[in-house]
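Each chain, written out:
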Amino acid sequence: MTFTITRFVSLGLSAGASKTSLRFFSPTSPRCINIHPFSNPIRTPPRRLYSTTTVRTAKVFGSAAAVAVIAGGASLFFGLARSRDTSTPNPTAEAVVEVASQTGSEPTRNFAKALEDLQAEFPESSIVSTDPSELYAYAQSAYSQFVGSPHTIVVHVRSTEDVVKVVKISNKYLVPIVPYSGGTSLEGNLSAPSSGSICVDLSGLDKIIAINESDADVVCQAGVTWNHLNDTLKEKGIPLFFPLDPGRDATIGGMISTGCSGTNAVKYGTARGEWILNATVVLPSGEVIKTRQRARKSSAGFDVTKLFIGAEGTLGIITEATLRLAPVLPSTVAVAQFPDIRHATNAVCDILNHGAALQCVEIIDELTIKVLNQFGTSARKWPEKVTLFFKFQGSDDAIQETSRYVESAISKHGATDYQLASNEQESEDIWQDRRNALFACLAYRPGCKGWITDVCVPVSRLPDLITAAKKDFEELGLVAPIAGHVGDGNFHALVLYADDAELALVREAVSRINRKAIELEGTCTGEHGVGTGKRNYLLTELGEGTVALMRTIKQTLDPHNLFNPGKLYPDVSPPSDTNTLTEGHTILNTKMASSES
């Protein structure tokens, strides 16, 4: 199975991505991402987030091959074209038991009967699959830090009705279901439980159903990507766009399920705002609900739509949504340097609290600027200082007025070298340097991999968090360039590691950062979701009462725990010493452990 680059697209890190990016990776493929000009195969692993084999050819593409470090994550600009032989018939029910055994699942008669029923409901050979490559691939993310356990069956659904059929069979035989729409989550969201599962592939639900220009909203299926949606609006000459931007090729279903955001959040907020007007959801019972009507506002009871935002497919499977759109406005970019993170953050607090019309404000630390200069794709030589990238929005007069105010305000916080782009091309070039940061950081340590963190605190506490993180990185001997959405108090470190020994140190650093963020009244996950990777921080962050309520809702809607089991909800109470928390590991109940010993 071979992938070749045919065009530049991008695989987002926060919510979902193109189905072609993951569908047919072999379990035995080398764990790396290779980018070569238009011909050589790309083999993408589940475990490795990034590899600097990517970087060696990134410069060939120049800025067009840039990566945006964390737009709700990050984006890789490349396209994948897949080729496979679809003539192989589906295996028998007995064969699926054998496949599950080979992948480490614990199959039962339930799976065999479920497979029989699924093949009867979907007789086309391309719909129900037990191909080992697909079972493995649909449990992985291109950028996840966690290796997913293979599924037992994959079903490529084409409609809400198809999802209902699968869910009813799941209920009949008590077989777990894991939804998939794009495959770019970072926290182990796609992995099968140890018992095995049916993966419901929603990427084929990719239709834009209705564009209501006068009402500034759109109805689309869960597998539509936000960039395709915005491209379609632009091609039709409709001056509206969907502003949530977690990375190109993120799907609407994945974006809603992980509560995504991105660089535009400082102006437009997150998926938990009012951008999701309603959702069509298949519940664990097989019932289909539409959470509300299309009106811009409603006081009809509590907002059921928000129950499914950030639920990561554990309460229901989203198949369709109505999205609110925003007007497209002119924008331009400015940049400035600061003595340190604290000065830069204080400047952002100042200008935001005075109502400056900012669409985005991004922060990059001095290490990232250094490696960006070394990478050599920029026409500029940036001062190696903490840097803010601003994006202003509005009419020419409004932009000029905002720029004058921002330049004056940030000068009080030690800003230097303030530069406003003089034209559209210069604006794009400056922002492209921001996007190039990821490739640059990977090139800094050839052969390394990277682990992306995602924490968020009140904006005024961001300097404390980043300072603590930098101290931890230095103490552990790790290299970790930092970038983030400073206007939201959200930052990401790309923690580089070369081997398993360094990976252990990375896990320790990530755990410290998550705990520190919670200590500072923040969250362990600003926009990447919980999955398996961060669920054991929730009791510390949210408290026992809130988590108990979440579990009660889950048990009420999904009494058999069939929808994406093992994700989001922590298993047991945290130990008294929260320093024992580790990324992606179960928290032991210390009282229970002592009583059993």
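A short tour of the structure in this document, coming up. Given the structure is predicted, the values throughout are model-derived calculations rather than measurements.

## Here we look at the overall build of the chain
Here's step 1: Looking only at helices and strands, one finds 19 helices and 24 strands in the chain.
Here's step 2: Each of the 597 residues in the chain was classed as buried or not, and the buried ones make up 59%.
Here's step 3: Look at the contacts in the chain between residues 6 or more apart in sequence, and 74% of them connect residues 24 or more apart.
Here's step 4: Accessible surface for the chain amounts to roughly 22500 Å². Of this, 50% is attributable to carbon and sulfur atoms.

## Structural notes on the pattern of salt bridges
Here's step 1: Per the stated rule, a full pass over the model turns up 23 salt bridges.
Here's step 2: Its salt-bridge partner being Arg445, residue Glu502 comes within 3.3 Å of it at the nearest N-O pair. One end of the pair, Glu502, is in helix 16 (residues 500-519); the other, Arg445, is in the loop between helix 14 (437-444) and strand 21 (449-452), with 57 residues separating them in the sequence.
Here's step 3: Arg445 sits in the partly exposed class, given a relative accessible area of 21%.
Here's step 4: Residues Glu475 and Arg512 are paired through a salt bridge, measuring 3.3 Å at the closest nitrogen-oxygen approach. Of the two residues, Glu475 is situated in helix 15 (residues 462-476) and Arg512 in helix 16; the sequence distance between them amounts to 37 residues.
Here's step 5: Salt bridges sharing common partners tie together Arg342, Arg461, Asp464 and Glu521.

## Considerations on the nonpolar core
Here's step 1: One finds Leu388, Phe390, Val406, Ile410, Phe473 and Phe491 to be the most contacted residues of the largest nonpolar core, which totals 47 residues.
Here's step 2: Those residues in contact with Leu388 that sit more than four places away from it in its chain are Ala334, Val335, Ala336, Phe338, Ala344, Val348, Val361, Glu362, Ile363 and Val486.
Here's step 3: Membership of the second largest hydrophobic core comes to 39 residues, among which are Val224, Ala279, Ala321 and Leu325.

## Overview of unusual backbone geometry
Here's step 1: Within the chain, Ala216 stands out as a residue other than glycine whose phi angle is a positive 55°.
Here's step 2: With respect to the secondary-structure elements, Ala216 resides in the loop between strand 10 (208-212) and strand 11 (217-221).
Here's step 3: Of the residues examined, Ala216 reaches a relative accessible area of 14% and is grouped as buried.
Here's step 4: Despite not being glycine, Leu568 has its phi angle at roughly 75°, a positive value.
Here's step 5: Structurally, Leu568 can be placed in the loop between helix 18 (544-557) and helix 19 (590-596).

## Some remarks on the environment of Gly414
Here's step 1: Here Gly414 shows up in the loop between helix 12 (396-411) and strand 20 (416-420).
Here's step 2: The sequence separation of Gly414 and Gln337 amounts to 77 residues, and the corresponding C-alpha distance is 8.4 Å.
Here's step 3: Filtering out sequence-adjacent residues up to four positions away, Gly414 remains in contact with Gln337, Phe338 and Pro339.

## A word on the sheet that holds strand 7 (residues 153-156)
Each strand in a sheet pairs with its neighbour through backbone hydrogen bonds, running either in the same direction (parallel) or in the opposite one (antiparallel).
Here's step 1: What the four strands build is an open sheet, ordered 6-7-9-8; its pairing is mixed. One side of each edge strand has no neighbouring strand; the edge strands of this open sheet are strand 6 (128-129) and strand 8 (177-180).
Here's step 2: The sheet contact formed by strand 7 and strand 9 (residues 198-201) spans four bridges and is parallel. Residue Val155 lies in a different strand from strand 9, and its bridge partner there is Val200.

## Section: the packing of aromatic side chains
Here's step 1: Overall, the coordinates contain seven aromatic pairs when judged by the stated rule.
Here's step 2: Taking 6.4 Å as the distance between ring centres and 80° as the angle between the ring planes, the aromatic pair formed by Phe389 and Trp431 counts as edge-to-face. Highlighted residues: Phe389 in strand 19 (residues 386-393) and Trp431 in helix 13 (residues 424-435), separated in sequence by 42 residues.
Here's step 3: Phe389 gets classed as buried once you look at its relative accessible area, which sits at 0%.
Here's step 4: Where Phe390 meets Phe392, the ring centres are 6.0 Å apart and the plane angle is 25°; that geometry is what we call stacked. Exposure class is identical for Phe390 and Phe392. Each is buried.
Here's step 5: In textbook terms, an aromatic cluster arises when at least three aromatic residues are bridged by ring pairs, as seen for Phe241, Tyr268 and Trp275.

## Things to note about the pairing of strand 24 (residues 490-497)
Here's step 1: The buried count for strand 24 comes to eight of eight residues, which makes it a mostly enclosed element.
Here's step 2: In strand 24, alternate side chains face the same way, and those of Asn490, His492, Leu494 and Leu496 on one face and Phe491, Ala493, Val495 and Tyr497 on the other are all buried.
Here's step 3: Where strand 21 and strand 24 come together, four bridges link them in antiparallel fashion. The residue of strand 24 that forms the bridge with Trp451 is Val495.
Here's step 4: Examined bridge by bridge, strand 22 (residues 455-456) and strand 24 share two bridges and lie antiparallel to one another. When the sheet's bridge partners are listed, Cys456 is paired in strand 24 with Asn490.

## Remarks on the pairing of strand 15 (residues 317-324)
Here's step 1: Across the eight residues of strand 15, six count as buried, placing the element largely inside the fold.
Here's step 2: Here five bridges tie strand 11 to strand 15, and the two strands are oriented antiparallel to one another. Opposite Gln221, over in strand 15, you have Glu320 as the bridge partner.
Here's step 3: Both strand 13 (residues 276-282) and strand 15 contribute to a ladder of six bridges, which runs antiparallel. Pairing of Thr280 across the sheet is with Glu320, part of strand 15.

## Section: helix 16
Here's step 1: The terminal C-alpha atoms of helix 16 lie 29 Å apart, and with 20 residues this matches the ideal 28 Å at 1.5 Å per residue to within 8%.
Here's step 2: Looking at helix 16, one finds that the buried residues are Glu502, Leu503, Val506, Ala509, Val510, Ser511, Arg512, Ile513, Asn514, Arg515, Ala517 and Ile518.
Here's step 3: Its buried side turned inward, helix 16 meets strand 21, strand 22, helix 15, strand 24 and helix 17 (538-542).
Here's step 4: Its side-chain oxygen placed 3.2 Å from the backbone nitrogen of Ala501, Asp499 serves as the N-cap of helix 16.

## Some points on the sheet that holds strand 13
Here's step 1: One open sheet holds the five strands; their spatial order is 10-11-15-13-14, and the pairing between them is antiparallel. Across the chains shown, the open sheet's two edge strands, defined by having one partner strand only, are strand 10 and strand 14 (288-290). Neighbour to neighbour, the strand axes of the sheet diverge by 10° on average, direction disregarded.
Here's step 2: Pairing of strand 10 with strand 11, which is carried by four bridges, proceeds in the antiparallel orientation. From the neighbouring strand, Ile211 faces strand 11, where its bridge partner is Val218.
Here's step 3: Contacts between helix 6 (residues 226-235) and the sheet are confined to strand 10, strand 11 and strand 15, with strand 10 contributing the most and set at about 50° to the helix.

The rules behind these values
- Residues numbered from 1 in each chain as written.
- Predicted model: local features only at pLDDT ≥ 70, side-chain atom pairs only at ≥ 80, totals over all residues.
- Heavy atoms only, no water.
- Helix = DSSP H or I, 4+ residues; strand = E, 2+ residues; numbered from the N terminus.
- Buried < 20%, exposed > 50% of the residue type's maximum accessible area, 1.4 Å probe, protein only.
- Contact = heavy atoms within 4.5 Å.
- Areas by Shrake-Rupley, 256 points an atom, 1.4 Å probe, with all protein chains shown as cover.
- Salt bridge = Lys/Arg side-chain N within 4 Å of Asp/Glu carboxyl O.
- Core = buried A, V, L, I, M, F, W, Y, C linked by side-chain atoms within 4.5 Å.
- Pairing = 2+ DSSP bridges.
- Phe/Tyr/Trp six-rings, centres within 6.5 Å; stacked < 30°, edge-to-face > 60°.
- Expected span 1.5 Å × (residues − 1).
- Polar contact = N/O pair within 3.5 Å; in protein donor to acceptor, adjacent residues only side chain to side chain.
- Axes fitted to C-alpha atoms, helices over the stretch in contact; angles between N-to-C directions.

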